[in-house]
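In case you want the letters, here they are:
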Amino acid sequence: EQSITAFEEYCKMQMLKYGSFRESNLYEYLITCLEEAGLSPEACQVFSDMQLMGIKASRKIYESVISAYCKLGFPETAHMLMDDALESGISLNILSSRVIIIEAYGKMKLWQKAESFVKGLRQASGIDRRIWNALIHAYAESGLYEQARAVFDNMIKTGPVPTVDSINGMMTALIVDG
């Protein structure tokens, strides 16, 4: 743990000391390493430092940091980052990013935000099976079996066809709701 912290400090000092470290791919590597080491707060800090220095983030950096903010329990921040990336013309793996954000809302028991997010996607015709499953899981995490059941029933009636993940979400909702 101390060696990781020391490495991080060394890299930060080198990046600030030598302007040649202002390349996005170095940050991409550093953020990926921090994420893989389970150091999400540090990955977010490096991203913030990048923004302060005016370094443009790559698709991979945005996706890593969106995931990091969701892991840390800040899905709203992740949602804002996703929107910023899309507005900047960065083509994210949008489906995965949306699913991660919806699941994070669910884990935080912010099912209303998950619901609102999915409602916006429905209006834009951007719904996929994984989005529906993420919403079922968000309701399940909040103990809202009836809402999860309504989404499940809607999938049966209008598609897409529910999957094992849909059924697992329903079972979780039953267990949590009691």
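Residues numbered from 1 in each chain as written. Predicted model: local features only at pLDDT ≥ 70, side-chain atom pairs only at ≥ 80, totals over all residues. Heavy atoms only, no water.

A. How the structure looks around the nonpolar core. Among the nonpolar cores identified, the biggest contains 51 residues, and Ile31, Phe47, Ile61, Tyr62, Val65, Ile101 and Ile102 are the most heavily contacted of them. For this core, the element with the highest residue contribution is helix H8 (residues 129–141), accounting for eight residues. Residues within four places of Phe47 in sequence aside, it is in contact with Ile31, Ala57, Ile61, Tyr62, Val65 and Leu81. (Core = buried A, V, L, I, M, F, W, Y, C linked by side-chain atoms within 4.5 Å. Buried < 20%, exposed > 50% of the residue type's maximum accessible area, 1.4 Å probe, protein only. Helix = DSSP H or I, 4+ residues; strand = E, 2+ residues; numbered from the N terminus. Contact = heavy atoms within 4.5 Å.)

B. Geometry of the packing of helix H5 (residues 75–87) against helix H6 (residues 94–107). Two elements in contact, H5 and H6, have axes whose closest approach is 9 Å; the angle formed by their N-to-C orientations is 160°. In terms of their interaxial angle, H5 and H6 are classed as roughly antiparallel. Between H5 and H6 lies a crossing whose hand is left-handed. Between H5 and H6, the residues in contact are Pro75, Glu76, Ala78, His79, Met82 and Leu86 and Ile94, Ser97, Arg98, Ile101, Ala104 and Tyr105, respectively. Tallied by class, the residues present in the contact of H5 with H6 amount to eight nonpolar, two polar and two charged. (Axes fitted to C-alpha atoms, helices over the stretch in contact; angles between N-to-C directions. Parallel < 35°, antiparallel > 145°, perpendicular 65-115°, else oblique. Left-handed = near helix turned anticlockwise from the far one by under 90°. Nonpolar A, V, L, I, M, F, W, Y, C, P; charged D, E, K, R; others polar.)

C. View of the pattern of salt bridges. If you walk through the whole model with that rule in mind, you get three salt bridges. Taking the shortest distance from any N to any O, the salt bridge between Arg59 and Glu63 comes out at 2.9 Å. Separated by four residues within a single helix, Arg59 and Glu63 lie in helix H4 (residues 59–71), roughly one turn from each other. Look at Arg59 and you get partly exposed, because its relative accessible area is 40%. Among the ionic pairs, Arg149 bridges to Asp153, the shortest N-O distance being 2.9 Å. Here Asp153 and Arg149 lie together in helix H9 (residues 145–158), a separation of four residues that amounts to about one turn. Classification of Arg149 by relative accessible area gives partly exposed; the value is 34%. (Salt bridge = Lys/Arg side-chain N within 4 Å of Asp/Glu carboxyl O.)

D. Seen up close, the packing of aromatic side chains. Scanning the model with the defined rule gives two aromatic pairs in all. On the basis of an interplanar angle of 50° and a centroid distance of 6.1 Å, the ring pair of Trp111 and Tyr139 is categorised as tilted. Taken as a pair, Trp111 in helix H7 (residues 111–123) and Tyr139 in helix H8 lie far apart in primary sequence, 28 residues in all. Given the relative accessible area of 4%, Tyr139 is considered buried. (Phe/Tyr/Trp six-rings, centres within 6.5 Å; stacked < 30°, edge-to-face > 60°.)

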